[in-house]
Amino acid sequence: MVSLKDISAVCGVSVATVSKALNDHGDIADATKERIRQKAKQMGYSPNSAAKALKTSRTRNLGVLLSDDNRSGLTHDYFAGVLESFKNTVEEKGYDITFIGGKKGAAGEMTYLEHCRYRGFDGVVAACADFYDAQVEELVKSEIPLVTIDHIFHNRIAVLSDNVRGMRELLEFICGKGHRRVAYIHGADSSVTQNRLSSFYRTAQELGLEVPNEYVIGAAYRDTKAAFHMTDRLLELRRPPTCICYADDFSALGGMNAILDRGLKIPKDISIAGYDGIRAGSYLVPKLTTIVQDTAALGRLAGECLIDLAERPRTTIARQIVVAGELFEGGSVGTVRKDA
């Protein structure tokens, strides 16, 4: 393995000069820096990350907590987009990422916190997790810099989708099409679900819509089978809704299948709307009405905040950053006749 001493001997300079040149110190002439860097490259030199971490107390490695009950992982359209943006952002700043999980170590199973300490992460982003899990709470209460996505903890930075505004804009659009009977198949309990559900009820009240209890049903996110059955239940009501909102676009696909199985047409016989703005929704016929979440901004902001927190922990303020989505009108919400 090529060392700094080897490079210094070839270049005829001190080891300190080689180190300064490779670390871009200002007291070394640019021409000298370039000569030393070129020679180091030719000799196949690469810095020892472990040794550097010991010297700086930083590994330039960030942990990513991605865990959900459906085990969708990186196939989860929304979080895949967020994490792609996060990855690009931190890699541009010279950081690597490692996914966190329960790992088998010499002493047996490691918790999330133990895994983070074992890897020496400079920080962690919690993108998709059971935020009420004891292991997650232990990690949140630790000394490790942490940023959450779509969940708020006291004294932690959170990057959030504007779910309140998104649901309001979606329901206002649906109501503007003449719908007065709107149902909502919402996701499993979480802060995201609570915000969307509260916004749904509040907006409905402001618009003068009556929402019977049977119009609001819970089901797991991205569960097409549950969405299928819940849609069937709504369509069997004596006075069924004219429009059904779903927790996410993937669930809306399950609802669409239930509607088509009954020989009904969208949006002629019934309208539907999703949430998230996954690419597949724009390929449907008709195109799915939805709220397109700004995954690029969410990932970028999470990355910038986490690096700032890791590098400047004393001056970085815990705060909530809210990112707005955008209504995609699509074609799955039709205009209701006045006598409907």
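To be clear, the structure that these remarks concern was listed above.
Residues numbered from 1 in each chain as written. Predicted model: local features only at pLDDT ≥ 70, side-chain atom pairs only at ≥ 80, totals over all residues. Heavy atoms only, no water.

Asker: Help me understand the overall build of the protein chain in this model?
Answerer: Within the protein chain, the regular secondary structure consists of twelve helices and 14 strands. Against the 2.2 N^0.38 benchmark of 20 Å for 340 residues, the protein chain shows a C-alpha radius of gyration of 26 Å, more extended than a compact globule. For the protein chain, with 340 residues in total, the buried portion stands at 46%. Pairs at least 24 apart in sequence give 68% of the contacts found in the protein chain among residues at least 6 apart. Of the roughly 17,800 Å² of accessible surface on the protein chain, a fraction of 49% belongs to carbon and sulfur atoms. (Helix = DSSP H or I, 4+ residues; strand = E, 2+ residues; numbered from the N terminus. Rg over C-alpha atoms; globule rule 2.2 N^0.38 Å. Buried < 20%, exposed > 50% of the residue type's maximum accessible area, 1.4 Å probe, protein only. Contact = heavy atoms within 4.5 Å. Areas by Shrake-Rupley, 256 points an atom, 1.4 Å probe, with all protein chains shown as cover.)

Asker: For this particular structure, what's the right way to read the environment of Val164?
Answerer: Note on placement: Val164 falls in helix H8 (residues 163-176). Among the residues examined, Val164 registers a relative accessible area of 30% and is labelled partly exposed. Separated by 160 residues in sequence, Val164 and Ala324 have C-alpha atoms that sit 9.5 Å apart. Residue contacts for Val164: discarding those within four places in its chain leaves Asn195 and Ser199.

Asker: In this structure, what is going on with the state of the cysteines? I would like to understand it.
Answerer: Here, disulfide denotes a covalent bond that connects the sulfur atoms of two cysteines. Scanning the entire structure with this criterion turns up zero disulfides. The thiol sulfur of Cys245 is not disulfide-bonded, and the nearest other cysteine sulfur, from Cys243, lies at 4.8 Å. Given a relative accessible area of 1%, Cys245 falls into the buried group. We note that Cys305 lacks a disulfide partner, and the nearest cysteine sulfur, in Cys116, lies 18 Å from it. The class for Cys305 is buried, based on a relative accessible area of 4%. (Disulfide = S-S within 2.5 Å.)

Asker: How should I be thinking about the packing of aromatic side chains in this particular structure?
Answerer: The geometry of an aromatic ring pair is captured by the separation of the ring centres together with the interplanar angle, meaning the angle of the planes. Applying the stated rule across the entire model yields four aromatic pairs. Within the aromatic cluster, the residues linked to one another by ring pairs are Tyr184, Phe200 and Tyr201. For Arg60, the ring lying beneath its charged end belongs to Tyr95, and the centroid distance is 4.2 Å. Taking the ring centre of Phe250 as reference, the NZ or CZ of Arg222 above it sits at 4.5 Å. (Phe/Tyr/Trp six-rings, centres within 6.5 Å; stacked < 30°, edge-to-face > 60°. Lys NZ or Arg CZ within 6 Å of the ring centre and 35° of its normal.)

Asker: When you look at the pattern of salt bridges in this model, what are you seeing that I'm missing?
Answerer: Opposite charge on two side chains allows them to pair when their charged atoms are near. Tallied over the entire structure, the rule returns eleven salt bridges. For the salt bridge of Arg300 with Glu304, the shortest nitrogen-to-oxygen distance reads 3.6 Å. Pair noted here: Arg300 and Glu304 are both in helix H12 (residues 295-311), with a separation of four residues, about one helical turn. The exposure class assigned to Arg300 is partly exposed, which follows from its relative accessible area of 36%. Classification of Glu304 by relative accessible area gives partly exposed; the value is 37%. For Glu311, the salt bridge is made with Arg312, and the minimal N-O distance between the two is 3.6 Å. The exposure class assigned to Arg312 is partly exposed, which follows from its relative accessible area of 40%. If you follow the salt bridges from partner to partner, you end up with Asp232, Glu236 and Arg262 in one network. (Salt bridge = Lys/Arg side-chain N within 4 Å of Asp/Glu carboxyl O.)

Asker: In this structure, what is going on with the side chain of Thr89? I would like to understand it.
Answerer: You can see Thr89 is positioned in helix H5 (residues 77-92). With a relative accessible area of 11%, Thr89 lands in the buried category. Here the side chain of Thr89 touches Ser85 through a polar contact of 2.9 Å, landing on its backbone oxygen. With residues up to four places along the chain from it excluded, the contact list for Thr89 reads Gly299, Arg300, Gly303 and Glu304. (Polar contact = N/O pair within 3.5 Å; in protein donor to acceptor, adjacent residues only side chain to side chain.)

Asker: Please clarify how the packing of H5 against H12 should be interpreted in this entry.
Answerer: Geometry of a packed helix pair, given as the angle between the helix axes and the separation of the axes. At a minimum axis separation of 7 Å, H5 and H12 run at an interaxial angle of 45°. Here H5 lies oblique to H12, going by the angle between them. Where H5 crosses over H12, the two elements pack in a sense that is right-handed. Here H5 contributes Tyr78, Gly81, Val82, Ser85, Phe86, Thr89 and Val90 to the contact with H12, which in turn contributes Thr295, Ala296, Leu298, Gly299, Arg300, Ala302, Gly303, Glu304, Leu306 and Ile307. (Axes fitted to C-alpha atoms, helices over the stretch in contact; angles between N-to-C directions. Parallel < 35°, antiparallel > 145°, perpendicular 65-115°, else oblique. Left-handed = near helix turned anticlockwise from the far one by under 90°.)

Asker: Even after reading the chapter, I still don't get the sheet that holds strand E13 (residues 320-323), so can you show me in this structure?
Answerer: The pairing of strands in a sheet comes from backbone hydrogen bonds and takes either a parallel or an antiparallel form. Strand order across the open sheet formed by six strands is E2-E1-E5-E6-E7-E13, with parallel pairing between neighbours. Both edges of this open sheet fall to strand E2 (96-100) and E13, since each of them pairs with a single strand only. Across the sheet, the mean angle separating the axes of adjacent strands is 20° when strand polarity is ignored. In this structure, strand E1 (residues 61-66) lies alongside strand E5 (residues 123-128), joined through five bridges in parallel fashion. Within the sheet, the bridge partner assigned to Leu62 lies in E5 and is Gly123. Set on the sheet, helix H6 (residues 112-119) makes contact with E1, E2 and E5; between it and E2 the angle comes to about 150°. (Pairing = 2+ DSSP bridges.)

Asker: Just checking my understanding: could you explain the nonpolar core for this structure?
Answerer: Soluble, globular proteins show a tendency: their nonpolar side chains are buried together. With 26 residues, the main nonpolar core has Leu62, Phe86, Val125, Val147, Ile149, Val159 and Ala302 as its most contacted residues. Elements with a contribution of two residues or more to this core: E1, H5, E5, strand E6 (146-149), strand E7 (157-161), H12 and E13. Here the element with the most residues in this core is H12; it accounts for seven residues. Setting aside its immediate chain neighbours within four residues, Val159 contacts Val147, Thr148, Ile149, Asp150, Leu298, Leu301, Ala302, Ile321 and Val323. (Core = buried A, V, L, I, M, F, W, Y, C linked by side-chain atoms within 4.5 Å.)

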